[in-house]
Amino acid sequence: MKQTRTRHSQTYKDEALALAERIGVSKAAEQLGLHASQLYGWRSKKQQSQTSSEREQSLADENARLKRLLAEQAEELAIVKKAAAYFAKSLK
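Residues numbered from 1 in each chain as written. Predicted model: local features only at pLDDT ≥ 70, side-chain atom pairs only at ≥ 80, totals over all residues. Heavy atoms only, no water.

**Q** Help me out: how do you make sense of helix 2 (residues 25–32) in this one?
**A** Looking only at helix 2, the buried set comprises Val25, Ala28 and Ala29. Buried residues of helix 2, seen end-on, are gathered within an arc of 100° and therefore sit on one face of the element. Exposed side chains of helix 2 directed beyond 90 degrees from the buried face belong to Ser26, Lys27, Glu30 and Gln31. Against helix 1 (10–23) and helix 3 (36–91) lie the buried residues of helix 2. Count one or two residues on from helix 2 and you reach Gly33, which has phi positive near 75°. (Buried < 20%, exposed > 50% of the residue type's maximum accessible area, 1.4 Å probe, protein only. Helix = DSSP H or I, 4+ residues; strand = E, 2+ residues; numbered from the N terminus. Arc of directions from axis to C-beta. Contact = heavy atoms within 4.5 Å.)

**Q** Help me out: how do you make sense of the packing of aromatic side chains in this one?
**A** Two aromatic rings, taken as a pair, are described by how far apart their centres are and by the angle between their planes. Applying the stated rule across the entire model yields 2 aromatic pairs. Aromatic pair Tyr12 and Trp42: ring centres 6.4 Å apart, planes at 80°, arrangement edge-to-face. Of the two residues, Tyr12 sits in helix 1 while Trp42 sits in helix 3, which places them 30 residues apart along the sequence. With a relative accessible area of 13%, Trp42 lands in the buried category. (Phe/Tyr/Trp six-rings, centres within 6.5 Å; stacked < 30°, edge-to-face > 60°.)

So far we have only geometry, and geometry alone does not tell us how the molecule works.
Written out as structure tokens, the structure reads:
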């Protein structure tokens, strides 16, 4: 006989993982009627998602730093162009 797969909500998964943190994975799985491997899988996916959001944050920080640097370089270039134009007029 084929068993149907039960889909659990994200809040259920988060609460199950919190319980597993407090009392241990095997005891939490037993209390919830789950396999310990499910909790380990949920924990792994949660850690990967946190890692990717940390990576996205570091990329956003780097992007902001590069934008500031680009703006400074553009300002310096504009000053050099004005100075070149001024000295070109004074030589004539």
